[in-house]
Amino acid sequence: MDCNVLVFNCGSSSIKFQLLKVDTEQVLAKGSVERVGSIDGTITFESAAGETTANEPVPDHAAGMTLIREAFKRGGFDLDNAGIVAIGHRVVHGGAAFSAPVLINDEALTAMRDVSVLAPLHNPANIIGIERASAAFPKLPQVAVFDTAFFQNLPAAASTYAVDRQLASDNGIRRYGFHGTSHQYVSGRVPLMLNRDPSELNQIVLHLGNGASVAAIRGGAPVETSMGMTPLEGLVMGTRSGDIDAGVIFHLHRVAGMSVDQIDTALNRKSGMVGLSGVNDFRDLHALVAGGDHDAQLALDVYIHRIKKYVGAYSAILGRLDAITFTAGIGENDSIVRSLALAGLEGFGIVIDSERNNAKTRGARVISADDSRVAVLVVPTNEELEIAQQTLDVVKKRM
Ligand code: ADP
């Protein structure tokens, strides 16, 4: 029996999808609908037969689902007979309610709506996606996989902010952590690659994409992560500031007269690499640095400094470090960032082999020197595969 899973990642204006054959980890087809809510939307569909892009009006997510069904049909897939056993949905925030993927039913949807207040820009779109997919594929079970779930059981010392306890519990204020699906997938691959017992491995995973986060994982269980109640905390990101003195927010409000929404936009969308250098793509950043641009150089210095600070802190939390792994767009592709981030850490037993680091290889690989006590790896993340696997696990329990 085929065990294929259709994975959806629904945003407010886009629907990304992948059809995966889970046992062989094969992507049978994938694509996206962009500009949902607009008359000039696009749908892209890619399979072994090639890639097509079409312009279509996409007034809402329901129309997007219809377009996806039609695109599969044109691509030679009859979704009712494609061996699909379930649909898996990426959901950004699971709050305190969800520490594991969940089969969608009315109760789960109500609990997810309650959590939406914690992620007002993301969860409502995720929920609309689930509702529209349920209508478009009524016979298939739907599973929600939460980006926060991996970190739900962080030690209390790591998840607790030192604010008034009542205030925190009344308002759900704690570290939730994000990118959990990626950290879970990548940290699960590392022991396989190193041929080590996962329960004995202490790891740091650096997910460096447009959003960026770092996690410390002891024996398979996360013990710290840099994103917090929201994805704003932690590392410097493409457009987010990462860690900042919360007092800056009061100052911007009281002295600069900015509204809460303006400050939110400034810190989430106009800060980070864009705020410091004007660009958030690291290929552009390196070109500016090579041309002698001082702002770009400072942005890179701040970015690297922050990563190094976290590597040191998380090494201390773990006590002993066995592996550091880079993943996501920058982590997988940018050898300059990798080498700068770990430069000078020989005293910590961390030594990168520059030839391995600079090799133009795409797959998962070890890039540390043979005499490095800590293994350094690059592991391409695969959130869709992790979602598909977790979805299948949930559905199998019912079979
Ligand atoms: P997200 O999923 O958070 O949108 P990704 O993980 O796809 O982000 O990472 C996107 C970022 O990866 C880009 O903004 C760019 O900075 C970086 N990136 C992608 N390819 C390269 C490359 N070849 N070299 C350096 N950076 C790259």
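Residues numbered from 1 in each chain as written. Predicted model: local features only at pLDDT ≥ 70, side-chain atom pairs only at ≥ 80, totals over all residues. Heavy atoms only, no water.

**Q** Report on the domain arrangement of the protein chain, specifying residues and quantitative values.
**A** Assigned domains of the protein chain: these are domain 1 (4-146) and domain 2 (195-383). Look at where the C-alpha atoms of domain 1 and domain 2 centre, and you get two points 29 Å apart. (Domains from an automatic or database assignment.)

**Q** Which residues make up empty space enclosed by the protein, and what are the values?
**A** All chains considered together, the criterion is met by one cavity of 30 Å³ or more. Put simply, the largest cavity is a space of about 30 Å³. Around the largest cavity, the lining residues are Val145, Phe146, Ala149, Phe150, Gly180, Thr181, Gln184 and Gln390. At the level of secondary structure, the elements contributing two or more residues to the lining of the largest cavity comprise β8 (142-146) and α6 (180-194). The dominant element in the lining of the largest cavity, judged by the number of residues it contributes, is α6, at three residues. Residues belonging to the lining of the largest cavity are distributed by class as follows: four nonpolar, four polar and no charged. (1 Å grid on protein atoms, 1.4 Å probe; cavity = no way out; pocket = protein on both sides within 12 Å on 5 of 7 lines; lining within 4 Å. Points joined across faces, edges and corners; volume = space filled by probe spheres on them. Helix = DSSP H or I, 4+ residues; strand = E, 2+ residues; numbered from the N terminus. Nonpolar A, V, L, I, M, F, W, Y, C, P; charged D, E, K, R; others polar.)

**Q** Tell me about the packing of helix α10 (residues 282-290) against helix α11 (residues 294-318), and please be specific about residues and values.
**A** Any two packed helices are characterised by how steeply their axes cross, that is the angle between the axes, and by the distance between the axes. At their nearest, the axes of α10 and α11 sit 8 Å apart, and the two run at 125° to each other. Classified by the interaxial angle, the pair formed by α10 and α11 is oblique. Taking contact as the criterion, the partners of Phe282, Leu285, His286, Leu288 and Val289 in α10 are, on α11, Ala296, Gln297, Ala299, Leu300 and Tyr303. In terms of residue class, the contact of α10 with α11 is made up of eight nonpolar, two polar and no charged. (Axes fitted to C-alpha atoms, helices over the stretch in contact; angles between N-to-C directions. Parallel < 35°, antiparallel > 145°, perpendicular 65-115°, else oblique. Contact = heavy atoms within 4.5 Å.)

**Q** Which residues make up the sheet that holds strand β11 (residues 221-225), and what values go with them?
**A** The strands that make up a sheet are held in pairs by hydrogen bonds between backbone atoms, and each pair lies either parallel or antiparallel. One open sheet holds the six strands; their spatial order is β11-β10-β9-β12-β14-β13, and the pairing between them is mixed. At either end of the open sheet lies a strand with only one pairing partner, and these are β11 and β13 (365-366). Direction of pairing for strand β10 (residues 212-218) relative to β11: antiparallel, over a ladder of four bridges. Within β11, the residue paired with alanine 216 across the bridge is glutamate 224. Along the sheet, α11 contacts β9 (202-208), β10, β11 and β12 (323-327); its crossing angle with β9, the most-contacted strand, is approximately 160°. (Pairing = 2+ DSSP bridges.)

**Q** Mind laying out the pairing of β9, listing which residues take part and the relevant values?
**A** Counting buried positions along β9 yields seven of seven residues, so the element is predominantly enclosed. In β9, alternate side chains face the same way, and those of Asn202, Ile204, Leu206 and Leu208 on one face and Gln203, Val205 and His207 on the other are all buried. When β9 meets β10, the two strands line up antiparallel, connected through seven bridges. When the bridges of β10 are listed, valine 205 appears paired with alanine 215. The sheet contact formed by β9 and β12 spans five bridges and is parallel. Across the sheet, the residue bridging to leucine 206 is phenylalanine 326, located in β12. (Buried < 20%, exposed > 50% of the residue type's maximum accessible area, 1.4 Å probe, protein only.)

**Q** Tell me about α10, residues and numbers included.
**A** The complete set of buried residues in α10 reads Phe282, Leu285 and His286. Looking straight down α10, one finds that the buried residues subtend no more than 95° of arc, so they occupy a single side. For α10, exposure combined with an orientation more than 90 degrees from the buried face picks out Arg283 and Ala287. With its phi angle positive at about 85°, glycine 292 sits one or two positions after the end of α10. (Arc of directions from axis to C-beta.)

**Q** Can you tell me about the sheet that holds strand β2 (residues 14-21), naming the residues and giving the values?
**A** The strand order across the open sheet formed by eight strands is β5-β4-β3-β2-β1-β6-β8-β7, and the pairing between neighbours is mixed. The sheet is open, and its two borders are formed by β5 (50-58) and β7 (102-103), each paired with just one other strand. Pairing analysis gives eight bridges linking strand β4 (residues 38-47) to β5, with the strands arranged antiparallel. Pairing of serine 38 across the sheet is with valine 58, part of β5. Against the sheet, helix α3 (residues 123-136) engages β1 (4-10), β6 (84-91) and β8, with an angle of about 165° to β6.

**Q** Lay out the packing of aromatic side chains with the relevant residues and their values.
**A** Overall, the coordinates contain 10 aromatic pairs when judged by the stated rule. Here phenylalanine 17 and phenylalanine 72 contribute two aromatic rings whose centre-to-centre distance is 5.6 Å and whose plane-to-plane angle is 50°, an arrangement assigned as tilted. Of the two residues, phenylalanine 17 is situated in strand β2 and phenylalanine 72 in helix α1 (residues 61-74); the sequence distance between them amounts to 55 residues. Phenylalanine 72 matches phenylalanine 17 in its accessibility class, with the two residues each being buried. With 5.8 Å between their ring centres and 90° between their planes, phenylalanine 72 and phenylalanine 77 make a pair best called edge-to-face. In this structure, phenylalanine 72 and phenylalanine 77 share a single accessibility class: buried. Put simply, the rings of Phe17, Phe45, Phe72 and Phe77 touch in pairs and so form one group of aromatic residues. (Phe/Tyr/Trp six-rings, centres within 6.5 Å; stacked < 30°, edge-to-face > 60°.)

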